[in-house]
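In case you want the letters, here they are:
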Amino acid sequence: MTGTPDTAPLLLDVRDVTRTFDLPRSRLWGPRDQVQALRGVSLQLHAGRSLGVVGESGSGKSTLARIVMALDTPTSGTVEILGRNPHTLPPSALRAARRDFQMVFQDPYGSLDPRQTVERIVTEPMQALQTASRAQQRERAVEVLAQVGLRASDAEKYPHEFSGGQRQRIAIARALITQPRLIVADEPVSALDVSVQAQVLNLLQDLQRDHGLSYLLVSHDLAVVSHLCDDVVVMHQGQIVERGTPAQLFTQAQHPYTQSLVAAVPRIAPGGARARRAARKAALTPVSAG
């Protein structure tokens, strides 16, 4: 993790964002009820840093991630990435701006088209930008696959030939293909076995160190967020109820909801912490699809 809030430039600025959804009518001619998924959410992320957004299902964290990615529109408030509001850009300008911010989704099975080869999947953002030849796209695909611990020969295979952890590496490679400044990761390890989660988190950490990436990491798991993030905001019922460093939240949590999240983190048995640290520090090696 690089940079400090005092010296690094501001990358993401979310100001007083709300999002209200209409519910189905309970009666044919009755008024629509509404649910407020986000209630005045504000946060900032500086270049080279990682910010965790943690909360239970329904807390609004995934809605926030989609709004940051301009996949959904706020009811009120503003979002700026590198000083530009993606929600006010015309479609062509937004397509070009997406070079700087990409997303890794929760489900490594559902987020990859089973009919496409890995090369086609990984190069999809470059295809949308239409700024590189097919040969350049292929060369870049091999490069990013190597960065996530996969082989060049894996580019010709299909998603069903890979494990869940390998599929998430493919999804990360797709996010890396345009050399973005920001990656929004929505529950990137929750669908993976525990033994694979640390490998993927270590990979994200290494990529940040090597490429100066910034992460907005969304998770229900405070332990996952604390592994990767410099700062954390805790969301509950559409609001940020607490914020601080992982160490502060683990030792000095003030809000009852944050305290409940801390209490839910599994405790490591004697001797287990050393093994966990060793596993997290283990070097990632190229993984075959066998």
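Residues numbered from 1 in each chain as written. Predicted model: local features only at pLDDT ≥ 70, side-chain atom pairs only at ≥ 80, totals over all residues. Heavy atoms only, no water.

**Student:** For this particular structure, what's the right way to read the pairing of strand β7 (residues 214-219)?
**Tutor:** Successive residues of a regular strand alternate their side chains across the two faces of the sheet. Of all six residues in β7, six are buried, a share of seventy percent or more. A two-sided burial pattern is seen for β7, the buried positions comprising Ser214, Leu216 and Val218 on one face and Tyr215, Leu217 and Ser219 on the other. As judged from the five bridges shared by strand β3 (residues 50-54) and β7, these two strands associate in the parallel manner. Looking at β7, one finds that glycine 52 is bridged to leucine 217. Read from strand β6 (residues 182-186) through helix α7 (residues 194-211) to β7, the crossover connection turns out right-handed. (Buried < 20%, exposed > 50% of the residue type's maximum accessible area, 1.4 Å probe, protein only. Helix = DSSP H or I, 4+ residues; strand = E, 2+ residues; numbered from the N terminus. Pairing = 2+ DSSP bridges. Right-handed = clockwise from strand over helix to strand, strands pointing away.)

**Student:** What is the right way to look at the environment of aspartate 33 in this model?
**Tutor:** Residue placement: aspartate 33 occurs in the loop between β1 (10-22) and β2 (34-46). Given a relative accessible area of 45%, aspartate 33 falls into the partly exposed group. Through-space distance from the C-alpha of aspartate 33 to that of aspartate 22 is 6.1 Å; in sequence the pair is eleven residues apart. Beyond its immediate stretch of four places on either side in the chain, aspartate 33 contacts Phe21, Asp22 and Leu23. (Contact = heavy atoms within 4.5 Å.)

**Student:** How should I be thinking about the sheet that holds β7 in this particular structure?
**Tutor:** Think of a sheet as strands paired side by side through backbone hydrogen bonds, with each pair either parallel or antiparallel. Read across the open sheet, the six strands follow the order β5-β6-β7-β3-β8-β9; overall the sheet is mixed. Two strands bound the open sheet, and with one partner strand each, they are β5 (101-104) and β9 (239-244). Going from strand to strand, the sheet's axes swing by 20 degrees on average, the running direction of each strand aside. Contacts from helix α1 (residues 61-68) reach β3, β5, β6, β7 and β8 (231-236) within the one sheet, and its direction differs from that of β7 by about 150 degrees. (Axes fitted to C-alpha atoms, helices over the stretch in contact; angles between N-to-C directions.)

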